[in-house]
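Notes for the structure review
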Amino acid sequence: MQLQQLRYFLAVAETRHFTRAAEAAHVAQPSLSQQIRALERELGAELFHRTRGNIALTDAGDALLPLARRILADTETARLAVQETVQLRRGRVRLGAPPSLCTSLVPDVLRVFRDRYPGVALVVREGGSRDLVGWLAAGELDLALTITRPSGEQEPALAVTELLHEELVLVAAGRPARRKVRVTELKGRPLVMFREGYDVREATLAACRSAGFEPEFAVEGGEMDAVLGFVRAGIGPAVVPGMVAARSGLAVTAFAGPGLGRTIAVAHGHEVPLTRAAEALRDTLLAHLRDAARDGELPPGTRLLLP
């Protein structure tokens, strides 16, 4: 049974005339009659009583008529749904990002994307880079913003585009220091520290150990909002990404020398092509960063890596 045959059947049922039905369907009358006969053979029953000047539905035709209308209506609904998705009027994007980027870069990008494609549903999942890579590999995310490894090694299953190099800075309550600080000056100064799994925590610990000491913690285990809240309360300073610091309202001090930093990238699975919606979100992200760099809106110490 073919959809075209059902369309011809419906045209004859509504006009009760083969010639007028053929004209409405924009097909030659012999071709329409041939397809109706083929449909009847397929179903094993005649669908019309054919008498000169009078075409009427048989019992089999009466039974088929509402089903044919429903099938063709569902087909049109499916066509429109796919068309809307292709044209980005509908769809879904699953984006993963570290909590630090969910409080800095991601909101601005999603606002622009939402304004352009209001019918596309957005799902955001927070996690450390290791978790994000695993979720991408498992097909649980379409795109992820990740922190690349210092060694430069990349996951072979992922397509990775480096976006930004961002400095890590020291934030504290009160006024900022008049000069930059060195990592060694953190020795003996209790820090507010993120929970395990945060890339910033690992970078801070690595920098302190490379400088020859183990950092002390005033409090540890917080998420991004909690860490900033503890700093505002005067419990201690914290090392945070520059884009987060710029929005925090806290005193910001950069590190001297090579300092601390991280490279932010966008990644997706090599073997899974991006959906139109995911591709549009990726394009929105890249355009937003290029515009911010051109207009001087990136925080101090944040450098665009895109061409």
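Scroll up for the structure.
To start, this report covers the structure provided alongside it. As the structure is a computational prediction, the values presented were derived from the model and not from experiment. (Residues numbered from 1 in each chain as written. Predicted model: local features only at pLDDT ≥ 70, side-chain atom pairs only at ≥ 80, totals over all residues. Heavy atoms only, no water.)

Some details on the packing of helix α1 (residues 3-15) against helix α2 (residues 18-25)
The geometry of α1 relative to α2 is characterised by a closest axis approach of 8 Å and an angle of 130° between their N-to-C directions. Viewed along their axes, α1 and α2 adopt a mutual orientation that is oblique. Read as a crossing pair, α1 and α2 show a hand that is right-handed. Every residue of α2 that contacts α1 at Y8, A11, V12 and T15 is listed here: F18, R20, A21 and A25. Looking at the contact of α1 with α2 residue by residue, the class counts come to six nonpolar, one polar and one charged. (Axes fitted to C-alpha atoms, helices over the stretch in contact; angles between N-to-C directions. Helix = DSSP H or I, 4+ residues; strand = E, 2+ residues; numbered from the N terminus. Parallel < 35°, antiparallel > 145°, perpendicular 65-115°, else oblique. Left-handed = near helix turned anticlockwise from the far one by under 90°. Contact = heavy atoms within 4.5 Å. Nonpolar A, V, L, I, M, F, W, Y, C, P; charged D, E, K, R; others polar.)

Some points on a nonpolar patch on the surface
A surface patch of nonpolar side chains, amounting to about 220 Å² of accessible area, comprises L3, L67 and I71. If you trace the backbone, I71 turns up in helix α4 (residues 59-86). The partly exposed category is assigned to I71, whose relative accessible area is 34%. (Patch = residues over 30% accessible without salt bridge, like charges linked within 9 Å, V, L, I, M, F, W, Y side chains within 5 Å. Areas by Shrake-Rupley, 256 points an atom, 1.4 Å probe, with all protein chains shown as cover. Salt bridge = Lys/Arg side-chain N within 4 Å of Asp/Glu carboxyl O. Buried < 20%, exposed > 50% of the residue type's maximum accessible area, 1.4 Å probe, protein only.)

Focus: the packing of α2 against helix α3 (residues 29-43)
Axis separation between α2 and α3 bottoms out at 9 Å; the angle between their running directions is 105°. The angle between α2 and α3 places the two elements in the roughly perpendicular class. Contacts between α2 and α3 involve F18, T19, A21 and A22 from the former and Q29, L32, S33 and I36 from the latter. Tallied by class, the residues present in the contact of α2 with α3 amount to five nonpolar, three polar and no charged.

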